[in-house]
Amino acid sequence: MAAPASAAAAGRGGAMSSDNAKGLVLALSSSAFIGASFIVKKMGLRRAADSGVRAGYGGFSYLMEPLWWIGMISMIVGEIANFAAYAFAPAILVTPLGALSIIISAALAHAILQEKLHTFGILGCVLCVVGSITIVLHAPQERDIDSVKEVWDLATEPAFLCYAAIVVAAALVLIYFVVPHHGQTNIMVYIGVCSLLGSLTVMSVRALGIALKLTFSGTNQLFYPQTWAFALIVATCVSTQINYLNKALDTFNTAVVSPIYYVMFTSLTIIASVIMFKDWDHQNPTQIVTEMCGFLTILSGTFLLHKTKDMADSPGQSLSTRRLKHASQNGFAIEVMPLKCQDYVDDETFTLSIPKADNGYLKEEHPLRYKDSSFTSTWHQIG
C-alpha cells in the first residue's frame, strides 16, 4: 500500500494533471480576452463621451456604442473561460493568472490609447507576473468535492458567513456613503466595490462550475436549490461589478485600473478561498510563506505602476502636484495650474496670463485647452 500511495503523491507533486492543464489553458485564454476588453471598452467610452454624458458621471450613452459592446462581448468570453477554469483547477492556481491581463491591457493602452507606460511601469508588470508564477508553483491541491451540497455546507460555516457579512457591509458602505463623495477622485472606491463583491462571485462560480462538471459527468446537480442560490449570487454580484468597473475605466487611467483591480480582486479571492475551502490546512509553513512572498512581489509591481502613472502620462512633472512652467521665446514665464488631470478632458478651458513688461507686451487672457494630457496654447504679441 505504501508504494501506490507514494506514486499518487508523486503524481500530485510532479507533472500537471489533465484537469489542471485544462484549467491553465482556460485561465490564460480568459486573461487574453479580458485584457483586450479593457481597451476596447474604454475606446467605446471615449466615443460615447463625445455625444452624451460620461459614464463616470452617471451617463449610459456608451450602450449605443458598438465598440463598447465588442469589448463587453470580449469580457464575457473571457469570464466564461475563467468560469470553466474554476471547474477544473483550484482558485489559487486560476486567479493569479489574471496577471496576464495586466500585461495585455497595459501594452494595448500604451500603443492604442497613448496612455504611456513608464519603464518602471514595465518593471511593475514583470513583478506582477513573477509573483503570480511563484504562487502558481506553490499552489495547494484542491480538495475533492462530490456534490454542490458540500460547497453549500462549506459556505454556511461560521467563518465564511462572517467573511461574507463583512464584505457585503463594506460594499454597501462604499456604494451609498463613499462613492457619491469620493468616487471621482479616489481610484480605490470603485475598484473596492468590484473587488469585494468579486471574491463572493468567484466562490459562487466555483460552486456552479463544480455543479456543471458533475452534471456533465452524469451526476445531475441542477435539481438542488443550492445550485440556483449560487447562480443568483453570481448574477447579482457580476451586474454590480460591471457597473462600477465601467465607472473606474471611464474616470481613471486604464494602466492603473487594471493592476490595482487585479491585486485587490486576487487577494480577496484567495482569502475567501482559504477561509471557505481551507486551502492552507494541508500546507507546510514554507509553502505558505513562499505564497505570501509572491503576493508581496505582486504588490510591489502594482506600487510601481501606480507611482509612475504621472510619469507615464507626461515626461515632465506631475500635473496634479506641480506647476507646469512654459517659457516663451522672449523669456516670459507662463504658469498653469490645472484643476484636475484625467485621461482626456473635453470642453475644459483654463485662463492664463502674460505679464505686462516694459517692452510693450500687454497683459491678456487667452484660452488654453488640453486633451489627452498634452497642452497647447496660443497667445498674441501686441507691439
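Residues numbered from 1 in each chain as written. Predicted model: local features only at pLDDT ≥ 70, side-chain atom pairs only at ≥ 80, totals over all residues. Heavy atoms only, no water.

Per an unreviewed UniProt entry, the protein goes by Probable magnesium transporter and derives from Urochloa decumbens. The Sequence similarities (unreviewed entry) comment attached to the protein in UniProt states, word for word, "Belongs to the NIPA (TC 2.A.7) family." UniProt, in the comment section headed Subunit (unreviewed entry), describes the protein in these words: "Homodimer." (UniProt positions renumbered as here; feature names shortened; annotations may be inferred.)

**What to know about the overall build of the protein**
Tallying secondary structure elements over the protein gives 13 helices and five strands in all. With 383 residues in all, the protein has 46% of them scored as buried. Here the analysis covers contacts within the protein between residues at least 6 apart in sequence; of these, 73% occur between residues at least 24 apart. (Helix = DSSP H or I, 4+ residues; strand = E, 2+ residues; numbered from the N terminus. Buried < 20%, exposed > 50% of the residue type's maximum accessible area, 1.4 Å probe, protein only. Contact = heavy atoms within 4.5 Å.)

**Thoughts on the packing of helix H2 (residues 18-49) against helix H5 (residues 99-111)**
The contact between H2 and H5 brings their axes to 8 Å, and the two run at 30 degrees. Relative to H5, the element H2 is oriented roughly parallel. In this structure, H2 meets H5 at a crossing whose hand is right-handed. Along the contact surface, H2 presents Leu 28, Ser 31, Ala 32, Gly 35, Ala 36, Phe 38 and Ile 39, while H5 presents Leu 100, Ser 101, Ile 104, Ser 105, Leu 108 and Ala 109. Residue classes in the contact of H2 with H5 are distributed as nine nonpolar, four polar and no charged. (Axes fitted to C-alpha atoms, helices over the stretch in contact; angles between N-to-C directions. Parallel < 35°, antiparallel > 145°, perpendicular 65-115°, else oblique. Left-handed = near helix turned anticlockwise from the far one by under 90°. Nonpolar A, V, L, I, M, F, W, Y, C, P; charged D, E, K, R; others polar.)

**With respect to the UniProt feature "transmembrane region" (unreviewed entry) in the protein**
UniProt's entry tags residues 23-40, 83-108, 120-138, 158-179, 186-208, 228-245 and 252-276 with the feature "transmembrane region" (unreviewed entry), counted in the numbering of this structure. Within the segment residues 83-108, helix and strand shares are 77% and 0% respectively, and the terminal C-alpha atoms sit 24 Å apart.

**A short note on the pattern of salt bridges**
All chains considered together, the criterion is met by one salt bridge. Here Glu 157 and Lys 278 are joined by a salt bridge, their closest N and O atoms 2.6 Å apart. Of this pair, Glu 157 sits in the loop between helix H7 (148-155) and helix H8 (158-182) while Lys 278 is found in the loop between helix H11 (254-277) and helix H12 (285-307), placing the two residues 121 residues apart along the sequence. Overall, the relative accessible area of 29% leaves Glu 157 in the partly exposed class. You can call Lys 278 partly exposed: its relative accessible area is 26%. (Salt bridge = Lys/Arg side-chain N within 4 Å of Asp/Glu carboxyl O.)

**Quick word on H7**
Burial in H7 covers these residues: Val 148, Val 151, Leu 154 and Ala 155. Buried positions in H7, seen along its axis, are confined to an arc of 110 degrees and lie on one side of it. Regarding H7, its N-cap is Ser 147, as a side-chain oxygen of that residue lies 3.1 Å from the backbone nitrogen of Lys 149 further along. (Arc of directions from axis to C-beta. Polar contact = N/O pair within 3.5 Å; in protein donor to acceptor, adjacent residues only side chain to side chain.)

**What to know about a negative patch on the surface**
A contiguous patch of negative charge on the surface is contributed by Asp 144, Asp 146, Glu 150 and Asp 153. Here Asp 146 lies in the loop between helix H6 (119-137) and H7. (Patch = residues over 30% accessible without salt bridge, like charges linked within 9 Å, V, L, I, M, F, W, Y side chains within 5 Å. Areas by Shrake-Rupley, 256 points an atom, 1.4 Å probe, with all protein chains shown as cover. Lys, Arg positive; Asp, Glu negative; His and termini not counted. Charge placed at Lys NZ, Arg CZ, Asp CG, Glu CD.)

**Some thoughts on the nonpolar core**
Within the largest apolar cluster, 62 residues are counted, with the highest numbers of intra-cluster contacts made by Val 151, Phe 160, Leu 245, Val 257 and Met 276. Tallying contributions element by element places helix H9 (residues 187-216) first for this core, with 17 residues. Ignoring any residue separated from it by four or fewer positions in sequence, one finds Met 276 in contact with Val 151, Leu 154, Ala 155, Phe 160 and Met 203. Formed by 14 residues, the second largest nonpolar core is a distinct cluster that contains Cys 125, Ile 135, Val 263 and Phe 295. (Core = buried A, V, L, I, M, F, W, Y, C linked by side-chain atoms within 4.5 Å.)

**Here's the deal with the packing of aromatic side chains**
According to the stated counting rule, one finds six aromatic pairs in the structure shown. Judged by centre distance (4.9 Å) and plane angle (85 degrees), the rings of Trp 68 and Trp 69 are edge-to-face. Residue Trp 68 is classed as buried on the basis of its relative accessible area of 4%. A residue is classified by how much of its surface remains accessible, and Trp 69, at 41% relative accessible area, is partly exposed. A ring pair is formed by Phe 223 and Tyr 224, whose centres lie 4.5 Å apart and whose planes are at 35 degrees; its orientation type is tilted. (Phe/Tyr/Trp six-rings, centres within 6.5 Å; stacked < 30°, edge-to-face > 60°.)

**Examining the side chain of Gln 241**
Within the secondary structure, Gln 241 is located in helix H10 (residues 225-251). On the basis of relative accessible area, Gln 241 is assigned to the buried category, the value being 11%. Apart from the residues lying within four places of it in its own chain, the contact partners of Gln 241 are Cys 194, Leu 197, Gly 198, Thr 201 and Tyr 261.

**Comments concerning the environment of Ser 300**
Looking at the element boundaries, Ser 300 is found in helix H12. With a relative accessible area of 37%, Ser 300 lands in the partly exposed category. Between the alpha carbons of Ser 300 and Leu 127 there is a distance of 7.0 Å; along the sequence they are 173 residues apart. A distance of 2.9 Å separates a polar atom in the side chain of Ser 300 from the backbone oxygen of Leu 296.

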